[in-house]
Structure formats: C-alpha cells, structure tokens
Amino acid sequence: MSETLEQIVKDMKERFAVESLEYAGDTTLLLSPEYLQAAFQTLRDEYHFNMIVDVTAVDYWPQQEPRFHVVYHIYSMLNNDILRVRVPLNGNGPHLPTIEKIYPGANWKEREVWDLFGITFDGHSDLRRIVMPYDWQGHPLRKDYPLGYEEVQFTFNAAEIDKRKPYAKD
Amino acid sequence: MTNIREVTVDELRHLVSDRAMTGETMLLNMGPQHPSTHGVLRLLLELDGEIVVNCIPDIGFLHTGVEKNMEAKTYQKAEVMTDRLDYMNSVGNNLVYCLAVEKLVGLDVPVRAQVLRVILTELQRISSHLLWLGTSCLDLAAMSVFLYAMREREMILGVMEMISGQRMMTTYIRPGGVWRDVPPEFVPAVQEIVNVMPGRIAEYESMLTKNMLFTERTQGIGVISAEDCARYGLSGPVIRGAGVAFDLRKARPYSGYEQYDFEVPTYDTGDIFGRYMVRMEEMRQSVRIVRQALSRLPNGPVLSDNRKFVPPPRSEIGVSMEALIHHFKLWTEGFNAPRESVFATTESPRGILGVFLEGDGGAKPYRVHYVTPSFVNLQSMPLLTRQHFVADVVGIIGSIDIVLGDADR
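Our subject in this report is the structure included herewith.

Reading the values: rules and limits
Residues numbered from 1 in each chain as written. Chains lettered and ligands numbered in written order. Predicted model: local features only at pLDDT ≥ 70, side-chain atom pairs only at ≥ 80, totals over all residues. Heavy atoms only, no water. Pairing = 2+ DSSP bridges. Helix = DSSP H or I, 4+ residues; strand = E, 2+ residues; numbered from the N terminus. Axes fitted to C-alpha atoms, helices over the stretch in contact; angles between N-to-C directions. Contact = heavy atoms within 4.5 Å. Parallel < 35°, antiparallel > 145°, perpendicular 65-115°, else oblique. Left-handed = near helix turned anticlockwise from the far one by under 90°. Nonpolar A, V, L, I, M, F, W, Y, C, P; charged D, E, K, R; others polar. Phe/Tyr/Trp six-rings, centres within 6.5 Å; stacked < 30°, edge-to-face > 60°. Buried < 20%, exposed > 50% of the residue type's maximum accessible area, 1.4 Å probe, protein only. Lys NZ or Arg CZ within 6 Å of the ring centre and 35° of its normal. 1 Å grid on protein atoms, 1.4 Å probe; cavity = no way out; pocket = protein on both sides within 12 Å on 5 of 7 lines; lining within 4 Å. Points joined across faces, edges and corners; volume = space filled by probe spheres on them. Arc of directions from axis to C-beta. Salt bridge = Lys/Arg side-chain N within 4 Å of Asp/Glu carboxyl O. Buried area = accessible area lost by both parts, 1.4 Å probe.

**Topic: the sheet that holds strand β2 (residues 26–30) of chain A**
Residue and element names in this part refer to chain A. Pairing is mixed across the open sheet formed by 5 strands, whose spatial order is β1-β2-β5-β4-β3. Each end of this open sheet is capped by a strand with a single partner; those strands are β1 (19–23) and β3 (51–59). Each strand axis lies, on average, 25° off the axis of its neighbour in the sheet, ignoring direction. As defined by bridge partners, β1 adjoins β2 across 5 bridges and the pair is classed as antiparallel. Across the sheet, the residue bridging to Ser20 is Leu29, located in β2.

This is the structure:
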C-alpha cells in the first residue's frame, strides 16, 4: 500500500467508519450502504479517484445477512492507486443508492448488476436489463439460480425428453 | 415455457426526445445484422433528417454467461472460456486471468515464461490493431487496406498456430507460466514479423494519413474530451487519442513491462483521426517491445515448479510416485485457492482489461468478473455520435474498436 493510499484509508476510517482489508497488494474498504454516495463523492473530489473501473457484486447465498457484496473498483490517475470498496447488502429486496451522478460510467455497470443479481439502484436514470433479453425472468448470477443443461437424447429416451422441451409443446 | 412480452414504446420513452413521439424525428434501428456494427450490436438512432439526435446502444446479443459457467469449473478448466470473450485478444484474456489466479494463490512465474507472455500479447496487439485497421477502413469504403492488413495478420496467426496448434483460441498462457516451450522455428518466425512490420505500417500510412477521402471522414468527427473519457471510465486508444498518456503497461506494469523501453503515443484531437494515429504508432511500439523481448529471451523453464498448482511434466510421472499423485490430484480435483479476492489489470488493445476473482477455499472460483474495455467504451456512443450524420456513426463505431464478445461476455 502506497503512502498516499494509507493516508486515504486512515481518513476514510475516521469519516465514514469503514473497515479496511489488505490482501496480495489490494486494498479493500468495507463501507455501509448509508454512507455510499457521500463516501464516493469524497473519494472523487478530495482524493482524486477520478475513474470508475468496475461495479459488480458477489452473492453469498444461502447466507442472508449480508447476502450480497456490491464491489466497486475506482482508480486515481493522479496517484496511480486502485481502491476496492465493498458494500454488504441483505438478501431481502436488496437496494442501494446509485453513484451514476458521481461517476457517469457507472450507468451501464449498475444496469448489469441489476440484470444479473437483481440489486436495485435507487435513483438510476435507466434501470433496464442490459445483457439478458428484456423479457427474461430471474437474475442468472445469483447462486440459487441453476446453471442449466441440455439433456442428451439417446434412441431409448429421445421421445420422452422431447416431451419436456418447449418446442415440442406447441 | 417462457412468455414473450413485447417491449412497448412507453418503456423507451425516457430515452428519446418528445419530438420522436410526434413524428418530428425518426427512430431507426441500425443492426443487429448491420455489417458495420462489427458483430451483433443494435443501435436505436433518433434522427432529425440525416442528423443523429440521440443514439441508444442495445447490447447482449452475444451474452453467453461465461462468468456463470466459470463458477462451475476448476481454475484450470475455466481458463478455456476466457479466450472466447474478446476473440481478437484471446492471449490477453488468458494473461489477465492467469495474473489473477497467480495473485490469488501466490504463484511465481519463470522469467522465460514472462518474456514469452510479453511477446505473444504484443503480437496479439498488432494483430488486433490490424483487424481494426482493415475493418474500420472497410466501413469507410477503403477496400484495399483490408486486404493488406489481413496479409500481415495471417503471419501472426501462423505464429499462434505454431506454438499452440490453434490460430485464435490458443489457451497457451497457463497459471504458473505457459503451456510448453516454443518450437525452434518460433524465434525466426517472430523475427520475420518484426523485420517486415515497420515497412508495412509505413505503407498503410501512405495510403491513409494524407488521403483526403480518409481525413474528410475522420477529422473532427466523434470528438471526446479527456475529462469526459475519465468520467465515463474510457481507456485505451480512445483516451490516448484525447491526449492523456494513460497506459497500464506503464502505470501498473505486469509481466516485467517495466524493463522494456517504449513510449505511450498520444494525439490531442480526440476524434476518429486521433484514435487512428494512436493505434498506428502503438503498432510501431509493439514491434519495438517484441524486438527487445526477443533479444533478451532467456533459456530456462517455462512453467513454475510449484507442484501444488502446476502439473508435473510427462517425463517425471513415469519415475516419481509423488509426481503421479500431483498429476492425479491436479487434473481430478484441481488446486484450492484461499477465501480472498483479488483484482488484476492489464492493458488490452482496447483499454483496461481486468479480472475480479474471488476464491472460496475450494478448487472452483466463487466469482469471476471480467472488466472489459468494449463494454465501457461502447457506453460513450451517445456522446460521440450526437449531432453527426448517420454515415459518420459507422466510422465512429469502427474507431472505438468494439468486440461484441468482449462487451456481452
């Protein structure tokens, strides 16, 4: 961890009650959802994290509290630091405020998280599905969503499997 | 049985202006089968005559659920899926995944393997830029450049085939090094490419840089400022074409890039022409890096000898019981990674390519997420195309060099 990053982590601990973790040279801040927008505003304006690199999520199902971690990566061109911010979320109707106003680049990334994990971003300007078809049911990257497979048809069970296939019904 | 739901105009109303509702402006679908959208990209254009008022990209046609599939495979098997994301930069996709796995388990890579990785990613960068040059000029109706660019790209694909048996989906870079050592003909073949390329790049430039048909279609079109690039998280030639010398090979070196002598080209206009100039110069710099790497290619092992993560060579299995056990364990169960998460970044031909990897103590990744430059850069389409002609949209899509496999994952 560079000296500037160390100072930033120390300041963030005082101001937003974050916890910090360190592994293999990566620095992570654990932030609670109520400080989300204020913390990112501070990180961008005061600590020069001017670039959003990524927004994604991890599902810890069947654990419920917290079930999700929303993971942000931000980059500071001035100090050449990457910072990871993790925000724990409960499994029941997970929602977070959007950071689209702070980093416009988060727009599509938040859409993707909503599409694949079903985490709502309050105040998002355009929360539609992005990679899945618009009429899709469910959120595929959740751990309780099955991977799915194609049954192999042999001569002895081809007809039986055909009955279960959607195209055979109508 | 899925219920098919029609998307109504109301759902898209917040994206287009009120004039579209009265019929004053026209809504036009471009793609997903349009040849200039480089794959399956659909653009919903709102047009006032021939002027683009708004552009709404629609992606996801090539979504294959790679991230979900990778969660169900061991660390070694999941790597094969990474080639298929950005199929123009498959070596780079392998590299960033391997860097993440190595960072997660703490695995060292021998020097020879690192130099080979640099040579291959730089060759891949040249081949990706050549394909970009060919196809985007084809969109601007310059047919002959495409044929020239394909001629040189063929030489690089030949090298890929020589080392791995595959022209595009190589999976040659593995956690802990590379798959196996390169054959003796590898160095002369790469030397040949390095000798030929500078002259060929000058040839392309003589056809385009001062060609009025080309400059009229590119200069002052699709302009983006350096501030907007940072705000939207754009990277690669797009941000360098806007005058910011931001390159992760310099900023956060990996695979020993800090030992090579190269420059980060920039151009300060921020238009299509700027991105073109940056990519042409980048090919020259890649040639320079490959030349240096060839001169310092050391002898030695190409795979780590840490047997807990890297399977032993075939010769050892016959004589060592321990090697046999490692071989068996690694190919049936795989290796276990700690319950931690890491983020690895590289500079792909298109920009920041990152992998967020989380382990759960078992042999399968708990979560893999690819941060892909095409996805991020495509987001700037509304910004780039506003107030330009429909015909320029084609040039702008070409200039941000998207690969839809990369954007949709």
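So much for the structure itself; the text now carries on.
**Regarding the sheet that holds strand β3 (residues 51–58) of chain B**
Strand pairing in a sheet relies on backbone hydrogen bonds. The paired strands run either parallel or antiparallel. Residues and elements named next belong to chain B. Across the sheet, which stays open at both edges, the 3 strands sit in the order β1-β2-β3 with antiparallel pairing between neighbours. Unpaired on one side and paired on the other, β1 (26–30) and β3 mark the two borders of the sheet. Ignoring which end each strand starts from, the neighbouring axes of this sheet average 25° apart. Here β1 pairs with strand β2 (residues 42–48) via 5 bridges, running antiparallel. Pairing of Met26 across the sheet is with Leu47, part of β2. In the packing of helix α18 (residues 390–399) onto the sheet, the strands contacted are β1, β2 and β3, and the crossing angle to β2 comes to about 150°.

**Regarding the packing of helix α1 (residues 3–16) of chain A against helix α2 (residues 36–45) of chain A**
Residue and element names in this part refer to chain A. At a minimum axis distance of 12 Å, the contact between α1 and α2 shows a crossing angle of 150°. Comparing their axes, α2 and α1 come out roughly antiparallel. Handedness of the crossing formed by α1 with α2: right-handed. Facing α1, whose interface residues are Ile8, Met12, Arg15 and Phe16, α2 presents Ala38, Ala39, Thr42 and Leu43. Across the contact of α1 with α2, the residue classes break down as 6 nonpolar, 1 polar and 1 charged.

**A few points about the packing of aromatic side chains**
All names here are of chain B. A complete count under the given rule lists 17 aromatic pairs over all chains for this structure. When the centroid spacing of 6.4 Å and the interplanar angle of 55° are considered together, the rings of Phe214 and Phe273 count as tilted. Of this pair, Phe214 sits in helix α9 (residues 212–218) while Phe273 is found in helix α13 (residues 272–295), placing the two residues 59 residues apart along the sequence. A centroid spacing of 5.1 Å and a plane angle of 70° characterise the contact between Tyr254 and Tyr257, whose relative ring orientation is edge-to-face. The exposure class of Tyr254 is buried, given its relative accessible area of 8%. One aromatic cluster is present, formed by Phe214, Tyr267, Phe273 and Tyr276 through successive ring pairs. The ring of Tyr257 is capped by Arg249, whose NZ or CZ atom sits 5.9 Å from the centre of that ring. The ring of Phe375 carries the charged tip of Arg409 above its face, separated from the ring centre by 5.1 Å.

**Focus: the layout of surface pockets**
Residues and elements named next belong to chain B. Considered as a void within the structure, the second largest pocket measures approximately 630 Å³ in volume. Arg174, Trp179, Leu303, Pro311 and Trp331 are, among the 26 residues lining the second largest pocket, the residues nearest its centre. Secondary structure elements with two or more residues in the lining of the second largest pocket: α4 (75–82), α14 (314–317) and α15 (321–332). Tallying contributions element by element places α4 first for the lining of the second largest pocket, with 4 residues. Class assignment of the residues belonging to the lining of the second largest pocket gives a composition of 15 nonpolar, 4 polar and 7 charged.

**Comments concerning the environment of Val16(B)**
Residue and element names in this part refer to chain B. Locating Val16 in the fold gives a position in the loop between α1 (9–12) and α2 (19–22). Take Val16: its relative accessible area is 9%, and that puts it in the buried class. Taking C-alpha positions, Val16 is 8.8 Å from Val53, a pair spaced 37 residues apart along the chain. Apart from residues lying up to four places away in sequence, Val16 is in contact with Met21, Leu27, Glu46 and Ile56.

**Observations regarding unusual backbone geometry**
All names here are of chain A. Residue Pro62 follows Trp61 across a cis peptide bond; omega there is 5°. Residue placement: Pro62 occurs in the loop between β3 and β4 (68–76). Not every positive phi belongs to a glycine, and Ala17 is a case in point at roughly 50°. Despite not being glycine, Ala24 shows a phi value in the positive range, around 50°. With respect to the secondary-structure elements, Ala24 resides in the loop between β1 and β2.

**Points about α2(A)**
Residue and element names in this part refer to chain A. Listed as buried for α2 are Leu36, Ala39, Phe40, Thr42 and Leu43. Mapping the buried residues of α2 onto a view down its axis gives an arc of 160°, with all of them on the same face. Close packing links the buried residues of α2 with α1, β4, β5 (81–89) and β6 (95–97).

**Quick word on α18(B)**
The periodicity of an α-helix, 3.6 residues per turn, causes residues three or four positions apart to be oriented the same way. Residue and element names in this part refer to chain B. In terms of residue burial, α18 counts as a mostly covered element, since 9 of its 10 residues are buried. For α18, the set of buried residues is Val390, Asp392, Val393, Val394, Gly395, Ile396, Ile397, Gly398 and Ser399. A positive backbone phi angle near 50° is found at Asp401, which sits one or two residues after α18.

**As for the pattern of salt bridges**
Residues and elements named next belong to chain B. A complete count under the given rule lists 39 salt bridges over all chains for this structure. Put simply, Arg125 and Glu122 hold a salt bridge, and the shortest N to O gap is 3.2 Å. In this pair, Arg125 and Glu122 both sit in helix α6 (residues 111–139), 3 residues apart, roughly one turn of the helix. Comparing Arg125 with Glu122, the two get one shared label, buried. Glu333 is the salt-bridge partner of Lys329, the closest N and O atoms lying 2.6 Å from each other. Note on Glu333: relative accessible area 35%, which makes it partly exposed. Residues participating in the shared-partner salt-bridge network are Glu122, Arg125, Arg240, Asp247, Arg249, Glu282 and Glu347.

**Considerations on the packing of α13(B) against α18(B)**
Residues and elements named next belong to chain B. At a minimum axis separation of 10 Å, α13 and α18 run at an interaxial angle of 30°. What the angle tells us is that α13 and α18 run roughly parallel. α18 is crossed by α13, and the crossing has left-handed handedness. Counting all contacts with α13, which are made through Ile272, Arg275 and Arg279, the residues of α18 involved are Gly395, Ile396 and Ser399. Tallied by class, residues from the contact of α13 with α18 come to 2 nonpolar, 2 polar and 2 charged.

**A closer look at the interface of chain B and chain A**
The figure often quoted for interface size is the accessible area lost as the parts come together. On the chain A side, the residues contacting the 51 residues of chain B number 50 residues. Taking both partners together, chain B and chain A bury about 4300 Å²; carbon and sulfur atoms supply 59% of that area. Seen at the junction of chain B and chain A, the total is 4 salt bridges. A salt bridge links Arg409(B) to Glu112(A); the nearest nitrogen and oxygen atoms lie 2.9 Å apart. Of all the secondary-structure elements, those providing two or more residues to the side of chain B that touches chain A are β3, α3 (66–70), α5 (90–105), α10 (226–232), β6 (341–348), β7 (351–358), β8 (367–371) and α16 (373–378) of chain B. A per-element tally of the side of chain B that touches chain A places β6(B) first, with 4 residues. Class assignment for the residues of the side of chain B that touches chain A results in 27 nonpolar, 11 polar and 13 charged.

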